[in-house]
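# Structure at a glance
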Amino acid sequence: MASNSTKSFLADAGYGEQELDANSALMELDKGLRSGKLGEQCEAVVRFPRLFQKYPFPILINSAFLKLADVFRVGMLGSLASIIPERKNAHHSIRQSLDSHDNVEVEAAVFAAANFSAQSKDFAVGICNKISEMIQGLATPVDLKLKLIPILQHMHHDAILASSARQLLQQLVTSYPSTKMVIVSLHTFTLLAASSLVDTPKQIQLLLQYLKNDPRKAVKRLAIQDLKLLANKTPHTWNRENIQALCECALQTPYDSLKLGMLSVLSTLSGTIAVKHYFSIASGNVGSSPRSSDLVRLAQECCYHSNRGIAAHGVRVLTNITVSCQEKDLLALEQDAVFGLESLLVLCSQDDSLGAQATLKIALNCMVKLAKGRPHLSQSVVETLLTQLHSAQDAARILMCHCLAAIAMQLPVLGDGMLGDLMELYKVIGRSATDKQQELLVSLATVIFVASQKALSAEIKAVIKQQLESVSNGWTVYRIARQASRMGNHDMARELYQSLLTQVASEHFYFWLNSLKEFSHAEQCLTGLQEENYSSALSCIAESLKFYHKGIASLTAASTPLNPLSFQCEFVKLRIDLLQAFSQLICTCNSLKTSPPPAIATTIAMTLGNDLQRCGRISNQMKQSMEEFRSLASRYGDLYQASFDADSATLRNVELQQQSCLLISHTIEALILDPESASFQEYGSTGAAHADSEYERRMMSVYNHVLEEVESLNRKYTPVSYMHTACLCNAIIALLKVPLSFQRYFFQKLQSTSIKLALSPSPRNPAEPIAVQNNQQLALKVEGVVQHGSKPGLFRKIQSVCLNVSSTLQSKSGQDYKIPIDNMTNEMEQRVEPHNDYFSTQFLLNFAILGTHNITVESSVKDANGIVWKTGPRTTIFVKSLEDPYSQQIRLQQQQAQQPLQQQQQRNAYTRF
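Cut-offs applied
- Residues numbered from 1 in each chain as written.
- Predicted model: local features only at pLDDT ≥ 70, side-chain atom pairs only at ≥ 80, totals over all residues.
- Heavy atoms only, no water.
- UniProt positions renumbered as here; feature names shortened; annotations may be inferred.
- Helix = DSSP H or I, 4+ residues; strand = E, 2+ residues; numbered from the N terminus.
- Contact = heavy atoms within 4.5 Å.
- Areas by Shrake-Rupley, 256 points an atom, 1.4 Å probe, with all protein chains shown as cover.
- Pairing = 2+ DSSP bridges.
- Axes fitted to C-alpha atoms, helices over the stretch in contact; angles between N-to-C directions.
- Parallel < 35°, antiparallel > 145°, perpendicular 65-115°, else oblique.
- Left-handed = near helix turned anticlockwise from the far one by under 90°.
- Nonpolar A, V, L, I, M, F, W, Y, C, P; charged D, E, K, R; others polar.
- Phe/Tyr/Trp six-rings, centres within 6.5 Å; stacked < 30°, edge-to-face > 60°.
- Buried < 20%, exposed > 50% of the residue type's maximum accessible area, 1.4 Å probe, protein only.
- Lys NZ or Arg CZ within 6 Å of the ring centre and 35° of its normal.
- Core = buried A, V, L, I, M, F, W, Y, C linked by side-chain atoms within 4.5 Å.
- Salt bridge = Lys/Arg side-chain N within 4 Å of Asp/Glu carboxyl O.
- 1 Å grid on protein atoms, 1.4 Å probe; cavity = no way out; pocket = protein on both sides within 12 Å on 5 of 7 lines; lining within 4 Å.
- Points joined across faces, edges and corners; volume = space filled by probe spheres on them.
- Expected span 1.5 Å × (residues − 1).
- Bend = angle between axes of the 7 residues up to and from the residue.
- Polar contact = N/O pair within 3.5 Å; in protein donor to acceptor, adjacent residues only side chain to side chain.
- pLDDT = per-residue confidence, 0-100.
- Lys, Arg positive; Asp, Glu negative; His and termini not counted.

You'll find the protein chain entered in an unreviewed UniProt entry as Integrator complex subunit 7, with Equus asinus given as the organism. Per UniProt, the protein chain carries the Sequence similarities (unreviewed entry) text "Belongs to the Integrator subunit 7 family."

So this is what it looks like as structure tokens:
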């Protein structure tokens, strides 16, 4: 009998064959929670996550948590603080439980009080005095006091509350000198200061005082930990005296562990505004020069320390000082920084332990920063890396390759000097198929692609392919091909994609690789473009379009419902349309020669009052081309707004494509359509010096060159001349000669964000309309859940969700009454902020016109920088507006009253006849 009841419980709860709705399933799980058998209770508890996954909406989740809280008592109530922060009965329950004689209940109440204090200002204000009394009470055990003190870190909601909490913590630090009490009180003090942003300098001084004067190492470690927290969060509050005191402590301490912690704080500060404060000129007194300061002396002493961590932080401090301070007499510091980096590189590259690799990352980051901030040091840094690359461990080689690639991206002039050493190393590595060797093949190939800048030579391609054929697996080949596509080496990428077509078992993977091969072939066709050779340019573009159309067909076949490849398809379609627009514009320019204006063109222009008509049909064609390029720029803008999860490099790539369209559009307008009103100020040379990639650098160079040419031709020659058409064609060829870069988001999605909407009321069948009377308003409730992938908020986070609701009349029924235009459509918009990834709002919609209406709810998001992204989704429901019974009754009565009058009029007409 018991087994039957258990089976019935599981089946009715929706985990067997029978599926129930959310409320029924929750009721059955509640029965399991209230069962007298422990096994059934545990069974019900573990079934709740599946219920939440199936119905992720707050009404059900709140109810379920309250039922679980009834089982787990106050501890579960604390976990609900973010959902019900202002629930007064919960506040009252926590306050009562703090006075309980049951130790378990008191500990749960302390946990709940901490969580509610963090969420609710009212609760924090009300509980502060209670917590203070318990902490100061003689009857309160010390262990309980240690648990109550951390609650004070949440008393930051207003200045008065924070001030009272600080006073209490100050008394505790003074009155209770035991190690545990000092550690807990000091750490709570620090967290309160960091959250309230008040009296942070005083807290820094207090921590430095304990670091200097307290003999206990545990207290010193806590002080260093809290100083590191404040250095990360509020570096601007550190003054010269604070940094000097920390340097003195680090110079005097005999313990390496404490020195490592202090140097960690100083290395964090050295990369912020605090280091400039330290070396700035004080009021009336000249600050010490960088070479003679205690900070530099400490860093120089630590650069060659036997402890790798201390040496790494010392080198980092020197690097940051060298880059941040712009004095001319820093030659000695520069040399110290370079020598320290070289010694650290030699030490860590021979060790493949995790600690050595972490230290090596710090050193390599410093090298990249030093090469960027002090370009005259970059050559020696690169030579050091190339020399050490031959003898280093594989794990270190991978990191060093990343460093070389970063330096070559910033300083392309160093690329050619790297190739010889890199190719020699590529020939000798890869003797085994271990994971490190495979990773090294990818990293080294990436550096070669970056360093080569232009097309790869036949020798380089032969060496890479020979090495890949001998030891690499398919995944390594694909990763190298992907890097080649990102760097614009499309000929190499095409060959690698071709070699992978027969090594995949999935049909979708085959079509994906085939599409990449076709796209690479299409871009390779554009490498044959030459200036002034316009007929060859047309044939190259036509050949490229042929392969692009093949590729888009394969890409469409590679998409699946779970992976629709929407960004990739739209990006390629835009590329195809852009190439077609370029081809059409070149043909239009050529038409000036093949179809010159007729003899009566001048007369037609004078008659129409449009001087441009004397050029003949080319003027209208140019206007159409300009509008087409503006339309393409708008579509690229839409793709940008729809790519919320894309990395910054991908977004910049889309932005560059949009700017190319705008450039050609502006060129047509400035040279031909409206030379008088053309302005070049907004298209000045911006961004070229801060380009993050070679592709962006070359594109910006083309933009500036084209604008200079256009500005030199503007207003000098009467449009349209052969000089104008040649300038346009050369601009197109210059843009296409820069190899297109397929960025990371085309291949890999590191961040995933989606929104799931639920509308109520909602019909049982999506095709059925919801009935509503025309004299009433429909209250449409929109609920949503923000769903994330494995790395939420990696590039940007959602600050608010914008919901747009609109309705259109699909079909009209009944008589055509004259309805005010405001009542014919609904167009509303609301912004809501998600709370724990959930949001909800309501709309009042009016349907005065009888008939079927189509309601569309579309969502977009706004990130922390105020940028709006069109993420979707777009949901549609149907509403049928019915005539209310009272109006229908009056209308029928009026019709019945009019019928005898109409019949009498008809009889009179018959009588006259």
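## Here we look at the overall build of the protein chain
When its secondary structure is counted, the protein chain shows 37 helices and nine strands. A sequence separation of at least 24 residues applies to 72% of the contacts in the protein chain between residues at least 6 apart. Per element, the accessible surface of the protein chain, about 44,500 Å² overall, is 52% carbon and sulfur.

## Things to note about the pairing of strand S3 (residues 777-788)
When strand S1 (residues 753-760) meets S3, the two strands line up antiparallel, connected through eight bridges. Within the sheet, the bridge partner assigned to Ser760 lies in S3 and is Lys781. Looking at chain direction, S3 and strand S6 (residues 838-846) are connected through nine bridges and run antiparallel. Each bridged residue has a counterpart across the sheet, and for Val785 the counterpart in S6 is Tyr838.

## A few points about the packing of helix H19 (residues 331-349) against helix H21 (residues 378-389)
Axis separation between H19 and H21 bottoms out at 11 Å; the angle between their running directions is 15 degrees. With respect to H21, the axis of H19 lies roughly parallel. The way H19 lies across H21 gives a crossing that is right-handed. The residues of H21 that touch H19, namely those facing Val338, Glu342, Leu345, Val346 and Ser349, are Ser380, Thr384, Leu385 and Gln388. Counted by class, the contact of H19 with H21 contains four nonpolar, four polar and one charged residues.

## A short note on the packing of aromatic side chains
A full pass over the atoms with the stated rule returns 20 aromatic pairs. Here Phe567 and Phe571 contribute two aromatic rings whose centre-to-centre distance is 5.9 Å and whose plane-to-plane angle is 25 degrees, an arrangement assigned as stacked. Pair noted here: Phe567 and Phe571 are both in helix H30 (residues 566-594), with a separation of four residues, about one helical turn. Ring geometry for Phe644 against Trp869: centres 5.8 Å apart, planes inclined by 80 degrees, an arrangement best described as edge-to-face. Residue Phe644 is located in the loop between helix H32 (618-642) and helix H33 (648-673), and its partner Trp869 is located in strand S8 (residues 868-869); the two are separated by 225 residues in the primary sequence. Here Phe644 falls in the buried class, since its relative accessible area comes to 3%. Aromatic ring contacts, followed pair by pair, group Trp512, Phe519, Tyr548, Phe567, Phe571, Phe742, Tyr745, Phe746 and Phe747 into a single cluster. Sitting over the face of the ring of Tyr255, Lys217 holds its NZ or CZ atom 4.3 Å from the ring centroid.

## Points about the nonpolar core
Trp238 and Tyr426 are the most contacted members of the largest nonpolar core, which has 258 residues in total. With near-sequence residues (within four places) excluded, Tyr426 lies in contact with Leu441, Leu444, Ala445, Ile448, Val463, Ile464, Gln467, Leu468 and Ile480. Core analysis: the next-biggest nonpolar cluster, separate from the first, contains 14 residues, Leu33, Phe52, Ala64 and Leu68 among them.

## Concerning unusual backbone geometry
With glycine set apart, most residues show a phi of negative sign, and most peptide bonds adopt trans. Between Ser760 and the following residue, Pro761, the backbone shows a cis peptide bond with an omega angle of 0 degrees. Inspection of the secondary structure puts Pro761 in the loop between S1 and strand S2 (770-773). The phi dihedral of Glu532 falls on the positive side, at around 70 degrees, and the residue is not glycine. Within the secondary structure layout, Glu532 lies in the loop between helix H28 (507-525) and helix H29 (534-558). Exposure remark for Glu532: the relative accessible area of 53% places this residue in the exposed category. Positive phi, normally seen in glycine, also occurs at Asn836, with a value near 55 degrees. Mapped onto the elements of the fold, Asn836 is located in the loop between strand S5 (826-832) and S6.

## What to know about the packing of helix H24 (residues 435-452) against helix H25 (residues 458-471)
Contact geometry of H24 with H25 gives a least axis separation of 12 Å together with a crossing angle of 170 degrees. It follows from the interaxial angle that H24 and H25 lie roughly antiparallel. Contacts between H24 and H25 involve Gln438, Leu441, Ile448 and Phe449 from the former and Ile460, Ile464, Gln467 and Val471 from the latter. Its residues assigned to classes, the contact of H24 with H25 comprises six nonpolar, two polar and no charged.

## A few points about the sheet that holds S6
One open sheet holds the three strands; their spatial order is S1-S3-S6, and the pairing between them is antiparallel. Looking at the sheet topology across the chains shown, the edges are occupied by S1 and S6. Each adjacent strand pair in this sheet contributes to an overall mean axis angle of 25 degrees, direction not counted.

## Topic: the pattern of salt bridges
Counted under the stated rule, the structure contains 29 salt bridges. Between Lys546 and Glu543 there is a salt bridge, with its nearest N and O atoms 3.1 Å apart. Placement of the pair is Lys546 and Glu543 together in helix H29, with a separation of three residues, close to one helical turn. The shortest N-O distance in the salt bridge between Arg635 and Asp577 comes to 2.7 Å. Here Asp577 lies in helix H30 and Arg635 lies in helix H32, a separation of 58 residues in the sequence. Judged by its relative accessible area of 22%, Asp577 falls in the partly exposed class.

## So, empty space enclosed by the protein
Counting across every chain of the model gives six cavities of 30 Å³ or more. In terms of lining residues, the largest cavity is bounded by Arg575, Leu578, Phe582, Gln657, Ser660, Tyr695, Met699, Leu735, Leu736, Val738 and Leu740. Counting only elements with at least two residues in the lining of the largest cavity, the list comes to H30, H33, helix H34 (694-713) and helix H35 (722-737). Of all the elements, H30 adds the most residues to the lining of the largest cavity, at three residues. Taken together, the residues of the lining of the largest cavity sort by class into eight nonpolar, two polar and one charged.

## Here's the deal with helix H8 (residues 121-136)
The terminal C-alpha atoms of H8, which comprises 16 residues, lie 23 Å apart, in line with the 22 Å expected from a rise of 1.5 Å per residue. The largest bend in H8 is about 35 degrees, located at Ile127. When H8 is considered as a whole, its buried residues turn out to be Phe123, Ala124, Ile127, Cys128, Lys130, Ile131, Ser132, Met134 and Ile135. N-capping of H8 is provided by Ser120, with a side-chain oxygen placed 3.5 Å from the backbone N of Asp122.

## Some remarks on the environment of Leu318
Within the fold, Leu318 resides in helix H18 (residues 308-324). Along the primary structure Leu318 and Val296 are separated by 22 residues, whereas in three dimensions their C-alpha atoms are 6.9 Å apart. Those residues in contact with Leu318, other than ones at most four positions away along the chain, are Val296, Ala299, Gln300, Cys303, Leu333, Asp336 and Ala337.

## A few points about the confidence of the model for the protein chain
Averaged over all residues, the pLDDT of the protein chain is 85; the fraction at 70 or higher stands at 88%. Element-level pLDDT for the protein chain is lowest in helix H1 (residues 2-15), with a mean of 39, against a maximum mean of 96 in H28. Counted against residues more than four places away or in other chains, residues 1-19, with its pLDDT under 50, gives 27 contacts.

## What to know about the side chain of Asn774
Counting through the fold element by element, Asn774 comes out in the loop between S2 and S3. Not counting chain neighbours up to four residues away, the residues in contact with Asn774 comprise Asn846, Phe847, Ala848, Leu850, Ser881, Leu882, Glu883 and Asp884.

## A word on the side chain of Asp647
Here Asp647 is to be found in the loop between H32 and H33. Despite its burial, Asp647 remains without a salt bridge, the nearest opposite charge being carried by Arg744 at 5.0 Å. A polar side-chain atom of Asp647 sits 3.3 Å from the main-chain amide nitrogen of Ala649. Those residues in contact with Asp647 that sit more than four places away from it in its chain are Arg744, Tyr745 and Phe795.

## Remarks on the environment of Phe547
Of note, Phe547 is situated in helix H29. Residue Phe547 is classed as buried on the basis of its relative accessible area, which comes to 9%. Residues Phe547 and Glu518 lie 29 residues apart in sequence; the distance between their C-alpha atoms is 5.4 Å. If we skip the residues at most four places from it in the chain, Phe547 touches Glu518, His521, Ala522 and Cys525.

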